[in-house]
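So the chains spell out like this:
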Amino acid sequence: MRAFHLSRRAALAGTAATAAVAALPGLRGRAEAAGSGGEAAGPVYRWRNVVQGGTGFVTGVLFHPSRRGLAYARTDIGGAYRWDDRTDRWVPLTDHLGWDDWNLLGVEALAVDPTHPDRLYLALGAYTQSWAGNGAVLRSEDRGATWKRTDLTVKLGGNEDGRGTGERLLVDPRDSDTLWLGTRHDGLLKSTDRGASWRPASFPAAPGATGQGVTFLVAAGRTVYAGWGDSDGTAGRPHLYRTSGGATWEAVPGQPAGTAAKVPIRAAYDRHTQELYVTYANAPGPNGQSDGSVHKLRTADGKWTEVTPVKPGGTSTDGSVDSFGYGGVAVDARRPGTVVVSTNNRWAETDTVFRSTNGGRTWTSLKDRAVLDVSETPYLKWGTDKPKFGWWLQALALDPYDSQHVVYGTGATLYGTRDLTHWAPQIRGLEEASIRQLVSPPTGEAHLLSGSGDIGVMYHERLTASPSRGMASNPVFATCTGLSLAAGKPSYVVRAGWGNEGNGAFSNDGGRTWAPFGAQPAHAKDAPGPIATNADGSVLLWSFGAANPGFRSTDNGATWSEVASFPKGAAPVADPVDPARFYAFDTATGTVFASTDSGRTFAARAGGLSAGDSEFQLTAAPGRSGDLWLSLKGDGLHRSTDAGATFAEVGSCRAAHTLGFGKAARGASYPAIYLVGAVEGANAIHRSDDQAKTWTRINDDQHQWGWTGAAISGDPRVYGRVYVATNGRGAQYGEPA
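Residues numbered from 1 in each chain as written. Predicted model: local features only at pLDDT ≥ 70, side-chain atom pairs only at ≥ 80, totals over all residues. Heavy atoms only, no water.

We now examine the pattern of salt bridges. Any two side chains of opposite charge can pair, so long as their charged atoms come close to each other. What the rule picks out here adds up to 34 salt bridges. We note a salt bridge from glutamate 167 to arginine 74, for which the minimum N-O separation is 2.9 Å. Highlighted residues: glutamate 167 in the loop between β9 (148-151) and β10 (169-171) and arginine 74 in strand β3 (residues 71-75), separated in sequence by 93 residues. The residues glutamate 167 and arginine 74 share a single accessibility class, namely buried. Residues joined by salt bridges that share partners form a network here, namely Asp113, Arg119, Glu141, Asp177 and Arg194. (Salt bridge = Lys/Arg side-chain N within 4 Å of Asp/Glu carboxyl O. Helix = DSSP H or I, 4+ residues; strand = E, 2+ residues; numbered from the N terminus. Buried < 20%, exposed > 50% of the residue type's maximum accessible area, 1.4 Å probe, protein only.)

Here is the structure:
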């Protein structure tokens, strides 16, 4: 299957790839003219993020050492960003990557050139699996406004275990034309032409099965140090290497050993004291760490000193073992001996950032006096009274021009402080949600409800601010698996998803507030799937994967009964007009099923359609009974006007991945149709105002966001507005400019 279904939490092992690389012609990140082939020339659309505020794992933050106010951030599935100090927001740099380049939105590493402030390098690639494409290096001379690209023949793992280590990419401190790139399975690569071409470099360690390889590259004066993640923690298996001239590498003498120093996570060099600080854990993280340490190396004479703030393994306040590793590390460029480090995977006591002003002899936990203000992104309370200091703390940075400005990434946001006490998300412009469902209600305050991976459901009363209610609670979900609105009673909404306190809920006020189902089928806890409510909200249908039957409720989820004839694993679709009608497409057999008795029984209708792909989507046109549209990816778009008895292929497009409807154009009687698919060119976002007779491409080459095949919806109240689900760039919305 495609990698874009994998959660950012997926931890995947990869296979080795050959370590040769080839340069390809440069590609521009700047927008170009939209449209291709015979597609109609479309209106200019303005695209913006629906504001949620982060919602994903920020895996790295890098302040430029010689330019005040310039910083970059990388994410595991949402690309890279540049900080705009004038507007206090992040600017996305990789939205130009399109459908075929979805794997490149996982950023393995980034690098800047200290002597050339406008130069920026990105190492891209989310997965090292056989089904994922090879990695690539993007290089820019204008801080990411435009790019040139070199495709690699090795794979990178920006969304695999160890994605919070780094940076694995470095400009050589002796020569700005030379770059180093550490890989997971293919050793060390070197470029001598500013990233235009790459070749294997001699390195004394051989890759192992852990999928980590080189975990970081850091300059200490004119010497380059490399962390090695395939060590086992024993003295005979080094985990830290160095080179002074670039020709040969050697193991650093005297380096620490043992479980607490098994995997080097990150390193930072204090040029004033000539000391290299290294954080360690017994696993690469962000999950799975239970031990760790912090050490420093005095590079002038090779002396090692352990400076671990708190050793893991003690007893936490709840009586459990206080297990964790260490993650981020950063030094103060203005104050010798001042350093910050972060814990990681510390669930019992909650992760923290420690700060020392005396080279690690003593430490202060910044969490202990922290005042967190999440008023701009209320979802960070996760349905409770107050937010946590964070988790997955592996990205940590200290502004070289402001000793009080510290930032750290979490699994959901990026916190920043200007006084070491008051913290708030420094996240404007950075949106990383993996959107699974989109519903645009025809009435009510909110124009959009969204269902996401990891952060459940949100009620967007404004598109330009994070929802004031935060994420939907009672119960709180992690990943949402279903979201449905009663077409004839839009105040009634149901949702399903993964959660510890229940897997389904209903709302009678359009999604503002929720009540959990009074009961749920046994399958719901382990396999919560899509859910639908019929047109008047009197019946619910819930699906639980290909191994389990569907279930039906007529009392808001208080009781459930099995529907034996419902095709297992199918997504239920309600008729928007007739409360007695439901539909489902069995992707295993290529058969459409229909119910005319409010979901009690289902009977086969049209058959012989494309099968074998669970992502095929069936959609019902609003305001009409029995008007169905079937998106079959490369097998095209098909339509039924007889409630699924027959389907005819729509000849105006050659690929259809997801389809939705919005307000009709002026003078038109049929809703506007929005499609993610291919008309004559590559996959793009299209609109049709004439029932799919003709299409207009409405996104451009600067706004592609990788894979966008999960969901799309027009706005039933605003003609031309469309909402697009992305896998790592949140919900995008476009309007005619």
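Glancing now at the nonpolar core. Counting 34 residues, the largest nonpolar core has Val50, Val353, Tyr379, Tyr408, Trp423, Leu438 and Tyr723 as the members making the most contacts within it. For this core, the elements supplying multiple residues, two or more each, are β29 (396-398), β30 (406-409), β33 (434-439), β57 (718-725) and β58 (731-736). In contact with tryptophan 423, not counting residues within four places along its chain, are Leu366, Ala370, Val371, Leu372, Asp373, Phe389, Val406, Tyr408, Tyr415, Gly416 and Thr417. (Core = buried A, V, L, I, M, F, W, Y, C linked by side-chain atoms within 4.5 Å. Contact = heavy atoms within 4.5 Å.)

Here the focus is the layout of surface pockets. Space inside the second largest pocket adds up to approximately 1,200 Å³. Every residue lining the second largest pocket is counted, 43 residues in all, and those nearest its centre are Leu62, Phe63, Pro65, Val218 and Ala219. Every element with two or more residues in the lining of the second largest pocket is listed here: β2 (58-63), β6 (107-113), β10, β14 (214-220), β18 (263-270), β24 (325-331) and β29. Considered class by class, the residues forming the lining of the second largest pocket number 29 nonpolar, five polar and nine charged. (1 Å grid on protein atoms, 1.4 Å probe; cavity = no way out; pocket = protein on both sides within 12 Å on 5 of 7 lines; lining within 4 Å. Points joined across faces, edges and corners; volume = space filled by probe spheres on them. Nonpolar A, V, L, I, M, F, W, Y, C, P; charged D, E, K, R; others polar.)

On to unusual backbone geometry. Note that the residue after glycine 166, namely glutamate 167, is joined by a cis bond; omega there is 5 degrees. That bond from glycine 285 to proline 286 is cis: its omega, 10 degrees, falls within 30 degrees of zero. With respect to the helices and strands, the residue proline 286 is situated in the loop between β19 (275-281) and β20 (292-298). Notably, arginine 143 is not glycine yet its phi reads approximately 60 degrees, a positive angle. With respect to the element layout, arginine 143 can be found in the loop between β8 (136-140) and β9. Of note, the phi angle at arginine 194 is positive, near 60 degrees, even though the residue is not glycine. Mapped onto the fold, arginine 194 is located in the loop between β12 (188-191) and β13 (199-201).

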